[in-house]
Amino acid sequence: MWYWLLLLTGFGFAVAGGTVTITYLNLVPAGLSWIEFMFLIRTRVECYMFPAGILLITTALILMED
């Protein structure tokens, strides 16, 4: 039961972090270079939600016995 909660929490984090990262991609056509984009998402805390969500999903799937 707790693994499903972990899975859904990870999914929510991954969706939120991925959405914010894709939203920041709109700055690239506005004149931001790819290097500056990488530095920008490295400094934003909400962009770290995507890898954290992927880690939670992977952990929940490994621990599930079904």
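Here the structure is shown first, and the text comes after it.
Residues numbered from 1 in each chain as written. Predicted model: local features only at pLDDT ≥ 70, side-chain atom pairs only at ≥ 80, totals over all residues. Heavy atoms only, no water.

A. Region of the structure containing helix H2 (residues 34-43). Among the residues of H2, Phe37, Leu40 and Ile41 are the ones counted as buried. Along the long axis of H2, the arc covered by the buried residues comes to 90 degrees, so they all point the same way. Turned more than 90 degrees from where H2 packs its buried face, Ile35, Arg42 and Thr43 sit exposed. The inward-facing, buried residues of H2 contact helix H1 (2-24). (Buried < 20%, exposed > 50% of the residue type's maximum accessible area, 1.4 Å probe, protein only. Helix = DSSP H or I, 4+ residues; strand = E, 2+ residues; numbered from the N terminus. Arc of directions from axis to C-beta. Contact = heavy atoms within 4.5 Å.)

B. Region of interest: H1. For H1, spanning 23 residues, the distance from its first C-alpha to its last is 33 Å, which sits close to the expected 33 Å at 1.5 Å a residue. Inspection of H1 places Leu7, Gly10, Ala14, Gly17, Gly18, Thr21 and Tyr24 among the buried residues, and these make up the whole buried set. Turning to H1, the residues buried within the fold contact H2 and helix H3 (49-63). (Expected span 1.5 Å × (residues − 1).)

C. Layout of the packing of aromatic side chains. All chains considered together, the criterion is met by 1 aromatic pair. Judged by centre distance (5.8 Å) and plane angle (90 degrees), the ring pair of Trp34 and Phe37 falls under edge-to-face. Taken together, the residues span about one helical turn, with Trp34 and Phe37 both in helix H2 at a distance of 3 residues. Residue Trp34 is classed as exposed on the basis of its relative accessible area, which comes to 53%. (Phe/Tyr/Trp six-rings, centres within 6.5 Å; stacked < 30°, edge-to-face > 60°.)

Read these as layout, nothing more, since geometry by itself doesn't imply function.
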